[in-house]
Amino acid sequence: MADRPGDQWDRRVANGLAFLRRRLAGDYEVDEFGFDPELTDAVFHPLLRLLYRDWFRTEVSGVENVPVEGPALVVGNHSGTVALDALILSAALHDKHPAHRYLRLLGADLVFRMPVVSEIARKTGGTVACNPDAERLLGGGDLVGVFPEGFKGIGKLYADRYKLQRFGRGGFVSAALRTGTPIVPVAIVGGEEIYPMLADIKPLARLLKLPYFPVTPTFPWLGPLGMVPLPSKWLIEFCPPIPTAHLTDSADDPLVVFNLADQVRETIQQTLHTLLERRPDPFGP
């Protein structure tokens, strides 16, 4: 027999009370990095699901390129003034992947110095973007997400949208090489339009000890309302993995590291061009 509406609500209330009882009793597990899968599934992913599915109308392709098991380093382009792209990528990958895998995000030091934000980042599986942590996660068979552009990517002006910035010194490549982990490039279109940065007030950024202080069409003019992201259309495409198992002896070779980082960067850039052709209207259906 089909469940009555009352039965569904009864189950939801019972599940919610059971969840609260486990949290209050401390009957849940976190790993050595502070990752809390139960809290992520019950609280954070449902909120992000509303964003990526309903607000941004996200289409995901190429998820079959992400391994069903074992480690992989997922490398993406960064944009959007606020790093929503990392969170959206993590939630969308978990929902769309047949094994519902978690993406362990590597974040900048600033993220882990901010109250509340640091705790949320740890609870959802994030850790500091450093080679030792990346190698430990990859060595444990996890999917690790990294955005080599860093603040240069999310803090660029709207005039430079979808132009990849420099990938630094290729530390992410070294981590992949030392563990023999495949690298999966991923291109994300849509993030550039959620908070179009028209200007960067550098003196104010220095005063507040921030990497940049953005001026967008809605911020700071509308106050807190300026933090509502514009409903751009998002496309996410996972590219074929780049194997590294045959290059484990070259982890400290700068030429190999640079060439591989450049290959990843070029793959992402070309895929961005292709996706932009598929999405001529940033705010279309």
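Refer to the structure presented above.
The structure contained in this document is the topic of the report that follows. (Residues numbered from 1 in each chain as written. Predicted model: local features only at pLDDT ≥ 70, side-chain atom pairs only at ≥ 80, totals over all residues. Heavy atoms only, no water.)

## Describing a nonpolar patch on the surface
Taken together, the side chains of Trp55, Trp221, Leu222, Leu225 and Val228 make up a nonpolar region of the molecular surface, amounting to roughly 570 Å² of accessible area. The topology assignment puts tryptophan 55 in helix α2 (residues 37-55). Residue tryptophan 55 is classed as partly exposed on the basis of its relative accessible area, which comes to 36%. (Patch = residues over 30% accessible without salt bridge, like charges linked within 9 Å, V, L, I, M, F, W, Y side chains within 5 Å. Areas by Shrake-Rupley, 256 points an atom, 1.4 Å probe, with all protein chains shown as cover. Salt bridge = Lys/Arg side-chain N within 4 Å of Asp/Glu carboxyl O. Helix = DSSP H or I, 4+ residues; strand = E, 2+ residues; numbered from the N terminus. Buried < 20%, exposed > 50% of the residue type's maximum accessible area, 1.4 Å probe, protein only.)

## So, the nonpolar core
Here is a general trend for soluble globular proteins: nonpolar side chains tend to be buried in one another's company. Leu73, Val75, Phe172, Ile183, Val264 and Ile268 are the most contacted members of the largest nonpolar core, which has 30 residues in total. Taken together, the elements giving at least two residues each to this core come down to β2 (72-76), α5 (131-139), β5 (143-146), α7 (171-179), β6 (183-189) and α9 (254-278). It is α9 that provides the largest number of residues to this core, a total of seven residues. Aside from chain neighbours lying at most four places away, what touches leucine 73 is Leu138, Val144, Val146, Phe172, Ala176, Thr181, Pro182, Ile183 and Val184. Ranked by size, the runner-up nonpolar core spans 26 residues in total, among them Ala72, Leu89, Leu103 and Val186. (Core = buried A, V, L, I, M, F, W, Y, C linked by side-chain atoms within 4.5 Å. Contact = heavy atoms within 4.5 Å.)

## Details of α2
Since the α-helix packs 3.6 residues into each turn, any two residues three or four apart lie on the same face. Of all the bends in α2, the greatest, near 40°, is centred on histidine 45, and the proline proline 46 appears no more than four residues after it. For α2, the full list of buried residues reads Leu39, Thr40, Phe44, His45, Leu48 and Tyr52. Just past α2, the residue arginine 57 takes up positive phi, approximately 50°. (Bend = angle between axes of the 7 residues up to and from the residue.)

## Observations concerning the packing of α2 against helix α3 (residues 84-96)
Across the interface, α2 lies against α3 with an axial gap of 9 Å and an inter-helix angle of 105°. Classified by the angle their axes make, α2 and α3 are roughly perpendicular. Across the interface between the two elements, Asp41, His45, Leu48, Arg49, Leu51 and Tyr52 from α2 touch Leu84, Leu87, Ile88, Ser90, Ala91, Ala92, His94, Asp95 and Lys96 from α3. Of the residues that constitute the contact of α2 with α3, the class distribution is eight nonpolar, three polar and four charged. (Axes fitted to C-alpha atoms, helices over the stretch in contact; angles between N-to-C directions. Parallel < 35°, antiparallel > 145°, perpendicular 65-115°, else oblique. Nonpolar A, V, L, I, M, F, W, Y, C, P; charged D, E, K, R; others polar.)

## Topic: the pairing of strand β3 (residues 103-107)
Burial runs high along β3: five of the five residues are buried. Side chains Leu103, Leu105 and Gly107 project from β3 onto one buried face, and the interleaved Arg104 and Leu106 project onto a second face that is buried too. For β3 and strand β4 (residues 127-128), the ladder comprises two bridges, and the chain directions are parallel. What sits directly across from glycine 107, in β4, is valine 128. Handedness of the β-α-β unit built from β3, helix α4 (residues 117-123) and β4 comes out right-handed. (Pairing = 2+ DSSP bridges. Right-handed = clockwise from strand over helix to strand, strands pointing away.)

## Quick notes on the sheet that holds β3
If you trace the seven strands from one edge of the open sheet to the other, you get β1-β9-β6-β2-β5-β3-β4, paired in mixed fashion. Two strands close off the open sheet at either side, each with one partner strand: β1 (59-61) and β4. Sheet topology places β2 next to β6; four bridges connect them, and they run parallel. When the bridges of β6 are listed, glycine 76 appears paired with valine 186. Along the sheet, α9 makes contact with β1, β2, β6 and β9 (235-238), crossing β6 at roughly 35°.

## What to know about α7
Among all positions of α7, only Phe172, Val173, Ser174, Ala175, Ala176 and Leu177 are buried. Check the buried side of α7 and you find it contacts β2, α5, β5, β6 and α9. Immediately beyond the C-terminal end of α7, within one or two residues, lies glycine 180, with a positive phi of roughly 65°.

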